[in-house]
Amino acid sequence: MATGSDITLICPALNEASGIGFFLQQLDQTLAALPETFRFRVVVVDDGSTDNTGEQVMLYQPQSFTLTLCQLTRNFGKEAAIQAGLERYHADAVILLDTDLQHPLSLIPQMLEHWQLGVLVVEAVKSHRGDESRWYSWASGLFYKSMKSTSGLTLENQSDYKLLDATVIQTLLALPERIRFFRGLVQWMGFKSVTLPFEVQERHIGDSSWNGLHLLRYSIRNITAFSSIPLYLITIIGLLMLVFSTVLGAHVLYQWAIGTAVTGFTTVILLLLLIGSLLLISLGIIGLYIARIYEEVKSRPLYLVAKEWHS
Ligand code: UDP
Ligand code: MG
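Keep in mind the model is a prediction, meaning the values are calculated, not measured.

Trainee: Honestly, the side chain of Arg 292 in this entry has me stumped. Any pointers?
Mentor: Assignment of secondary structure puts Arg 292 in helix H10 (residues 266–298). Despite its burial, Arg 292 pairs with no opposite charge, the nearest such side chain being Glu 296 at 4.0 Å. Of the polar contacts made by the side chain of Arg 292, one reaches the backbone oxygen of Arg 221; its length is 2.8 Å. If we ignore the near neighbours within four places in the chain, the residues touching Arg 292 are Ile 179, Arg 221, Thr 224 and Ala 225.

Here it is as structure tokens:
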């Protein structure tokens, strides 16, 4: 490419002050080894850190890239931070990566090689999930399975570590929905992609902000974003209950007709409890979808920027 190309790396960061300097330093080394036809910009989206992540970024003196810090007013979540980066910083290609060095920088040169050959999406997939606890990997496995069976998206081992061509980003940003699941949307768009396997590195410094509750919220949010099958499920359960009630009803009527008294209240109580719980669960699921509609209709911005700084 004669004129060279603009490559932007978007790196969401929440409370990464202890490791972000080292991350930028490593990134500098990686990018310095790449051809000069690439003009690199690194954007750290500070997602409302309460430590001095921002100051640490501004202290850093980059050699092989220009550095931008985009500070959100508060913590809006990683999805919003990614969205902020994609909306505000355009380039010929964008690479998204975590600032905790769990996404190995050594993949960047390969990603760019594929892109130069015309690949629009390069995805890094986990070949090994790092040091997760047993129950956490069980829970996340359950989420991926539910996602697959309800929306048909295979997200297992997918990560947010991706290179996207400008045309893909344009399409992504043009999708009108507001509650976004970046990984899911990229796969939903269906552009041909190349996958590169990587081993999830141990977190270099600091702690993951994830726990079981986060995972549960994340699962509900993303499943309701991509599938209405839970709503159909309610109808199906309702129909099954109807069949069951008809059979039971016929039995009870028959007993009444031949004069056998129904003994005790156990059956009644059990049925009341069962139907009561099913009704509440069903209402709850409908409520989740109404909540989503409410969120979408409110149309509040996904994030607010407090400050932008360029090196
Ligand atoms: N992150 C963020 N906002 C959040 C949570 C996390 O920008 O609300 C960033 C975080 O700084 C890191 C990346 O997103 O660069 C991945 O987060 P984390 O390491 O906590 O998640 P995990 O690697 O366990 O998926
Ligand atoms: Mg991490």
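Trainee: Which parts of the structure should I look at to understand the packing of helix H9 (residues 229–257) against H10?
Mentor: Relative orientation of the contacting elements H9 and H10 amounts to 160°, with a least axis distance of 10 Å. Our classification of the angle between H9 and H10 gives roughly antiparallel. H9 and H10 meet at a crossing whose hand is left-handed. Residue-level inspection shows Ile 229, Pro 230, Leu 231, Ile 234, Ile 237, Met 241, Phe 244 and Leu 248 of H9 in contact with H10, the latter providing Leu 271, Leu 274, Ile 275, Leu 278, Ser 282, Ile 285, Ile 286 and Tyr 289. A per-class count over the contact of H9 with H10 returns 15 nonpolar, one polar and no charged.

Trainee: Can you help me understand helix H5 (residues 134–151) in this one?
Mentor: Every α-helix carries 3.6 residues per turn, so stepping three or four residues along brings you back to the same face. Over its 18 residues, H5 runs 26 Å from end to end, which matches the ideal 26 Å to within 8%, given 1.5 Å per residue. Of all the positions in H5, only Tyr 136, Ala 139, Ser 140, Gly 141, Phe 143, Tyr 144, Met 147 and Thr 150 are classed as buried. Of the surrounding elements, those touching the buried residues of H5 are strand S6 (158–165), helix H7 (182–189), helix H8 (212–226) and H9. Directly after H5, the chain includes Gly 152, whose backbone phi takes a positive value near 80°.

Trainee: Explanation requested: the packing of aromatic side chains in the structure shown.
Mentor: The geometry of an aromatic ring pair is captured by the separation of the ring centres together with the interplanar angle, meaning the angle of the planes. Taken as a whole and assessed by the stated rule, the structure comprises nine aromatic pairs. Ring plane angle 50° and centroid distance 5.2 Å describe the contact between Phe 143 and Tyr 144, whose orientation is recorded as tilted. Assigned by exposure class, Phe 143 and Tyr 144 land together as buried. Judged by centre distance (5.5 Å) and plane angle (85°), the ring pair of Phe 181 and Tyr 218 falls under edge-to-face. With Phe 181 in the loop between helix H6 (166–174) and H7 and Tyr 218 in helix H8, this pair connects stretches of sequence that are 37 residues apart. Exposure remark for Phe 181: the relative accessible area of 0% places this residue in the buried category. An aromatic cluster of three or more residues is present, and its members are Phe 143, Tyr 144, Phe 181, Tyr 218 and Phe 226.

Here is what the cut-offs are and how they apply
- Residues numbered from 1 in each chain as written.
- Chains lettered and ligands numbered in written order.
- Predicted model: local features only at pLDDT ≥ 70, side-chain atom pairs only at ≥ 80, totals over all residues.
- Heavy atoms only, no water.
- Helix = DSSP H or I, 4+ residues; strand = E, 2+ residues; numbered from the N terminus.
- Buried < 20%, exposed > 50% of the residue type's maximum accessible area, 1.4 Å probe, protein only.
- Lys, Arg positive; Asp, Glu negative; His and termini not counted.
- Salt bridge = Lys/Arg side-chain N within 4 Å of Asp/Glu carboxyl O.
- Polar contact = N/O pair within 3.5 Å; in protein donor to acceptor, adjacent residues only side chain to side chain.
- Contact = heavy atoms within 4.5 Å.
- Axes fitted to C-alpha atoms, helices over the stretch in contact; angles between N-to-C directions.
- Parallel < 35°, antiparallel > 145°, perpendicular 65-115°, else oblique.
- Left-handed = near helix turned anticlockwise from the far one by under 90°.
- Nonpolar A, V, L, I, M, F, W, Y, C, P; charged D, E, K, R; others polar.
- Expected span 1.5 Å × (residues − 1).
- Phe/Tyr/Trp six-rings, centres within 6.5 Å; stacked < 30°, edge-to-face > 60°.

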